[in-house]
Amino acid sequence: MSEPVIELDGLIHRYGKNDALNGLSLEVEPGQCYGFFGRNGAGKTTAIKCLLNLLRPAGGKVRVFGMDPVHEEARIKARVAYVPDFVAFYPWMSVREVLEYQASFRPNWNKGSEEALIGRFQLDPAQPASALSKGQRTQLALIGAIAAEPDLLILDEPTSGLDPLVRREFIQTVIGAYQDAAPGRRTMFVSTHLITEFEGLIDRFTVIDRGRAVLTMGADEARGKYRRVRARFEGEAPPADEFKEAKSVRREARSIELTVNGNGDEVLAKLRRWKALDLTAESLSLEEVFLEAVR
Amino acid sequence: MLLVVAVVSLVAQLRGSREYNFFFLLQPLALCGFGGAMLWLGLRRSGVKRQRLAKELRGQLGGALLAVGGPSIVSAFGPGSEGVAALAFLFGLLILGAGAFGAEFDQKTMGLLLSAPGSRARIYFGKLIVLSILTGLATINFLFCIASFSPHFPSIDEVVFLFVLPVVAVCTGPYLSLKTRSTLAGSVFMVAVPVALVLVGQLGISLAARMQHPEAEFSELFGRQFTKYCWIALPLYFGISAVLGWLTFRRLELREGGGPEASGTHPLAKPLDRALKLFPPQGKGRWSALIGKELRLQVVPWLLAFVYLGLSLLTLLAERLNGASNPWPIGFLEIKQSLAAVFGFLTLLFCGAACVAEERQLGTMEWQLTLPMAMSKQWRLKVGTTLVLGLVLGVAWPLILFLMSAPNGLADVNLPPGVTWGLGVMISIGLMVIGIYASTISRNTIQAACVSAGLLVGMTVVAERISNGWAQWQKGQWEDSVLLGASHDLGAPPIVLTPDQSVILGLVVCWSAILFLAWVLLWLARRNFVRGVPAGRDVMKQLGIIGAVLVLEMMTIVSMISMLDSWRIRQEMIDHPYVEPKPAKRSSEKAGFGLNEELAKRYGIPFGTNATAAKRMSTKSGVQMDEELAKRYGLIVKTNTAPPK
């Protein structure tokens with residue numbers, strides 16, 4: 001089995017007396033597109049900063065490509081590109097200069113990819129970075145990250161500020177193409193609130209809440225396990241207490257909606273016993289799985 | 001905090017060994033009143049108006065602390081501290097004036113301010129009222145500070161000049177900071193614009209005068225009148241600036257995003273960008289890219305250097321044209337020295353302050369740190385570039401311009417020896433390192449500059465107090481051990497230095513102390529650079545470490561100086577055995593009779609008193625006295641052969 005690209009084990013970090021990370025553990029395998037979901041303040045950005053040695057954890061283990069970020073940060077950073085949630089550039093540089101500046105640190109800089117992405121995002125290379133809008137700054141940061149051809153791409157809310165058109169273009173085309181260029185080698189670690197946008201790309205994900213992983217699962221596995229069952233009855237719907245195995249129950253006069261986690265067949269059988277007229281079961285989206293996990 | 005400053009100031013004044021006057025009491029009282037008023041306003045939560053006022057006061061706290069607290073604490077230590085007190089006051093006034101509106105850009109809250117329900121006039125004039133109160137109180141406090149230890153109240157010229165300063169802050173600060181969208185740039189132009197206007201005005205007048213009276217001397221024509229013209233032009237300048245400030249605010253538009261890059265000093269540095277495009281001449285390596293970036297980040301020192309160049313050239317022109325050595329309407333200010341001191345100090349301060357904080361302010365720190373280069377390398381390069389640039393722009397540049405403007409070049413300047421230059425460089429590096437440390441605990445450059453100035457004032461006070469107190473205690477310790485031994489009991493001291501050797505050793509000790517303190521500051525700064533802005537508790541711990549190191553250093557230096565001094569005295573006693581024989585001193589101390597003038601002065605005993613007791617004591621014990629004392633009391637000098645009873 002290949003070595004994990006990211007390995008967090010019992011990660012702890014505190015800001016003063018507040019626990020930002022409280023024993024977070026996860027593993028990311030090479031070639032995966034890994035989703036990292038959580039509510040605001042759950043500890044996502046803190047965990048990413050620990051990966052990049054921007055924060056020193058108070059406890060636990062951090063490994064990136066099997067290396068310790070504290071002691072081998074330069075070797076790790078040579079293989080990693082990061083797009084932060086708040087993107088800023090030196091205001092005196094133009095778009096072209098920002099990319100040249102980044103390229104000076106990257107021996108594998110892909111000039112062709114840079115040009116193609118500038119064209120795709122319709123950025124003016126001579127435009128000063130200070131004149132870029134928030135969305136354009138994000139685009140520029142994404143170009144810098146993709147053209148660097150890293151083995152690990154870490155994106156922290158990468159699509160915030162992008163308009164829907166660019167967002168779709170970026171996720172479906174750019175990110176897809178990036179991974180497809182070297183399948184099995186290029187890994188992505190995406191922290192986002194816009195889970196629906198990345199639905200098709202995510203292979204595996206972790207839901208983090210109050211600094212702790214509350215759910216780690218493969219995307220397909222999650223879709224198979226988490227299902228929503230709806231049933232309609234001729235008379236009054238059975239009481240909610242009857243379905244204690246369901247994660248959530250919403251009952252109306254003649255219908256009932258249940259969310260189940262891996263025990264869908266059992267619930268379906270019970271509903272049939274209650275002589276449900278109309279019985280449907282569908283997989284939950286990752287966003288709905290996330291909502292169920294943190295609720 | 002201001003109340004704490006007031007208490008510290010009062011205690012320091014009470015403990016100081018100097019004569020007091022009426023203002024000695026007034027100054028801390030004024031300070032207490034000022035601090036109390038701010039505290040009252042800050043604590044009151046009810047009332048919209050009061051909350052707005054409290055918000056304004058909180059926003060101006062950094063400048064207020066410098067302008068009010070700095071002089072209060074420093075000047076409490078008596079004459080000689082005026083320079084530091086004046087620097088703190090002036091710097092605080094600049095920050096107050098430019099910060100009223102500039103801070104809204106720095107903190108990215110201008111959008112919030114403008115979108116608040118209320119007319120722009122109310123916002124603008126509300127800020128102006130708070131600014132007027134703060135600067136007025138700060139000036140009164142400063143006047144009391146300097147008056148409290150001065151034998152004479154400042155002259156009317158000085159008082160008038162002093163009260164022009166808050167008017168400069170209130171009238172020109174808002175306009176210049178709104179125009180430049182930055183506290184820093186605003187404060188630089190608050191100094192530069194009036195100085196430049198005066199020099200340009202003088203040049204214009206002298207040119208016109210020369211055309212009419214080619215043979216006449218400038219001083220004959222305009223020497224006295226020019227000052228009057230300046231006083232006439234001053235209200236005009238203030239009025240125009242105030243009106244322009246209001247018009248600028250009324251028409252103020254927020255540029256795209258209103259983010260840090262849309263404001264601040266960076267848009268002012270277009271010429272610098274063009275110059276730096278040539279740097280490095282070739283190659284696009286990561287080192288050259290990083291060095292170029294670091295040089296460009298230091299926009300304020302560059303700005304200061306360019307402004308200083310402009311003002312120096314104007315001064316030079318005015319001098320050449322008028323044949324005057326000080327082309328400046330204020331008699332007690334030497335323009336060249338003042339410019340060199342102010343711009344040199346500010347350049348060094350801002351060089352350090354911008355080192356890390358500027359990048360944090362721009363929001364590029366995270367991005368920069370994730371580029372594939374070890375943080376330790378990035379840190380070394382950052383600090384190295386800052387120090388080199390600071391020495392070039394803050395030391396070499398003012399020196400070159402100062403020498404250029406001296407009519408006879410180096411001949412006019414009493415250049416100190418090389419070691420003193422070395423000390424100057426060391427102090428400059430120390431100042432920058434304080435700035436670098438402050439920069440790593442701050443979120444933006446202006447905050448870092450205020451923290452640097454505060455640290456500098458605090459460290460000066462601690463060093464001064466510790467060195468004085470420890471020196472007094474040490475003096476007693478070393479001298480007692482030496483003087484209580486009879487001259488024939490004394491062994492030769494291990495080392496006796498010549499005066500030249502003493503100076504060199506003193507400088508080496510000072511260098512070492514500064515270097516060690518700088519190393520501690522940089523060690524702490526590096527931790528903060530890697531780990532981000534530390535929490536308040538961590539900052540307090542770090543300040544504790546810095547204070548402890550400073551105290552230990554001062555105690556070590558003072559101990560060393562005292563020890564060397566006592567060795568020198570011991571050698572003198574061996575060379576002149578009659579000066580202070582042991583029995584004479586012991587007996588005379590018991591009897592309380594007068595020693596010779598020098599000894600009496602040294603031990604603080606009244607000279608020439610209690611002659612009867614002296615006679616009785618010496619007759620009884622047959623004590624040996626030195627020749628001079630014996631003569632004074634009509635005794636015969638004899639050798640003390642018998643053991644003392």
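Here the structure is a predicted model, which is why all the values come from computation and not from measurement. (Residues numbered from 1 in each chain as written. Chains lettered and ligands numbered in written order. Predicted model: local features only at pLDDT ≥ 70, side-chain atom pairs only at ≥ 80, totals over all residues. Heavy atoms only, no water.)

### Topic: the overall build of chain B
Helix and strand content of chain B: 25 helices and 0 strands. Buried residues in chain B amount to 50% of all 645 residues. Carbon and sulfur atoms provide 67% of the accessible area of chain B, an area that totals close to 30,700 Å². (Helix = DSSP H or I, 4+ residues; strand = E, 2+ residues; numbered from the N terminus. Buried < 20%, exposed > 50% of the residue type's maximum accessible area, 1.4 Å probe, protein only. Areas by Shrake-Rupley, 256 points an atom, 1.4 Å probe, with all protein chains shown as cover.)

### Notes on the overall build of chain A
The helix and strand tally for chain A stands at 9 helices and 13 strands. Within chain A, the proportion of its 295 residues that are buried is 53%. Within chain A, contacts between residues separated by at least 24 positions form 67% of all contacts whose residues are at least 6 apart in sequence. Total accessible area on chain A stands at roughly 12,800 Å², and carbon and sulfur atoms take up 45% of it. (Contact = heavy atoms within 4.5 Å.)

### A few points about the confidence of the model for chain B
All names here are of chain B. Put simply, chain B has an average pLDDT of 74, and 65% of its residues get 70 or more. Low pLDDT, under 50, characterises residues 479-488; the stretch is placed with 23 contacts to residues that sit more than four places away or in other chains. Long-range and interchain partners of residues 578-584, a stretch whose pLDDT sits below 50, account for 17 contacts in this model, where long-range means more than four residues apart. (pLDDT = per-residue confidence, 0-100.)

### Side note on a nonpolar patch on the surface
Residue and element names in this part refer to chain B. Taken together, Ile129, Ile133, Leu137, Ile140 and Phe163 make up a surface patch of nonpolar side chains, about 410 Å² in accessible area. Counting residues per element, the nonpolar patch draws most heavily on helix 7 (residues 120-148), which supplies 4 residues. Owing to a relative accessible area of 47%, Ile133 belongs among the partly exposed residues under this scheme. (Patch = residues over 30% accessible without salt bridge, like charges linked within 9 Å, V, L, I, M, F, W, Y side chains within 5 Å. Salt bridge = Lys/Arg side-chain N within 4 Å of Asp/Glu carboxyl O.)

### Re the packing of aromatic side chains
Across all of its chains, the model carries 22 aromatic pairs over all chains by this definition. Both rings, one in Phe37(A) and one in Phe290(A), keep their centres 6.5 Å apart while their planes meet at 75°; by these two values the pair is edge-to-face. In this pair, Phe37(A) is assigned in strand 3 (residues 33-38) and Phe290(A) in helix 9 (residues 286-294), connecting sequence segments 253 residues apart. The exposure classification of Phe37(A) matches that of Phe290(A), with both residues buried. With centroids separated by 5.7 Å and ring planes inclined at 50°, the aromatic side chains of Tyr90(A) and Trp367(B) adopt a geometry described as tilted. (Phe/Tyr/Trp six-rings, centres within 6.5 Å; stacked < 30°, edge-to-face > 60°.)

### Thoughts on helix 8 (residues 264-273) of chain A
Residue and element names in this part refer to chain A. Inspection of helix 8 places Gly264, Val267, Leu268, Lys270 and Leu271 among the buried residues, and these make up the whole buried set. When helix 8 is viewed along its axis, its buried side chains cluster within an angular range of 160° and face the same direction. Along helix 8, exposed side chains directed more than 90 degrees from the buried face belong to Asp265, Arg272 and Arg273. As for helix 8, its buried residues are in contact with strand 10 (226-232), strand 12 (255-261) and strand 13 (278-283). Phi turns positive one or two residues past the end of helix 8, at Lys275, with a value near 60°. (Arc of directions from axis to C-beta.)

### Quick look at unusual backbone geometry
All names here are of chain A. Residue Gln122 is not a glycine yet carries a positive backbone phi of 55°. Tracing the backbone shows Gln122 in the loop between helix 4 (111-121) and helix 5 (134-147). For Gln122, a relative accessible area of 69% puts it in the exposed group. Here the phi dihedral of Arg210 falls at roughly 50°; this positive angle occurs in a residue that is not glycine. Along the chain, Arg210 turns up in the loop between strand 8 (204-209) and strand 9 (212-218).

### A look at the interface of chain A and chain B
Counting residues at the interface gives 33 residues for chain A, matched by 32 residues for chain B. Carbon and sulfur atoms make up 63% of the area that chain A and chain B hide from each other, which totals about 3,000 Å². Per-residue buried area on chain A facing chain B is highest for Tyr90(A), Trp92(A) and Phe105(A); these three make up 24% of the total on that side. Seen at the junction of chain A and chain B, the total is 1 salt bridge. Residue Glu366(B) pairs with Lys49(A) through a salt bridge whose shortest N-O separation is 2.9 Å. In this structure, the connection of chain A to chain B is made through 9 residue pairs in polar contact (both at pLDDT 80 or more). Looking at the side of chain A that touches chain B, the elements with two or more residues in it are helix 2 (73-77), helix 3 (95-103) and helix 5 of chain A. Per-element accounting of the side of chain A that touches chain B gives the leading share, 5 residues, to helix 3 of chain A. (Buried area = accessible area lost by both parts, 1.4 Å probe. Polar contact = N/O pair within 3.5 Å; in protein donor to acceptor, adjacent residues only side chain to side chain.)

### Focus on a positive patch on the surface
Among the surface-exposed residues, Arg56(A), Lys377(B), Arg380(B), Arg526(B), Arg527(B) and Arg531(B) lie close enough to one another that they form a single positively charged patch. Mapped onto the positive patch, the elements with two or more residues apiece are helix 17 (375-405) and helix 20 (499-531) of chain B. Tracing the backbone through its elements, the reader meets Arg527(B) in helix 20. Note on Arg527(B): relative accessible area 36%, which makes it partly exposed. (Lys, Arg positive; Asp, Glu negative; His and termini not counted. Charge placed at Lys NZ, Arg CZ, Asp CG, Glu CD.)

### Remarks on helix 5 (residues 82-106) of chain B
All names here are of chain B. Across its 25 residues, helix 5 extends only 31 Å between first and last C-alpha, which sits more than 12% below the 36 Å expected from 1.5 Å per residue. Gly99 marks the point of greatest bend in helix 5, at about 65°. Most of helix 5 is tucked away: 19 of the 25 residues are buried. Immediately downstream of helix 5, the backbone of Lys108 shows phi near 60°, a positive value. (Expected span 1.5 Å × (residues − 1). Bend = angle between axes of the 7 residues up to and from the residue.)

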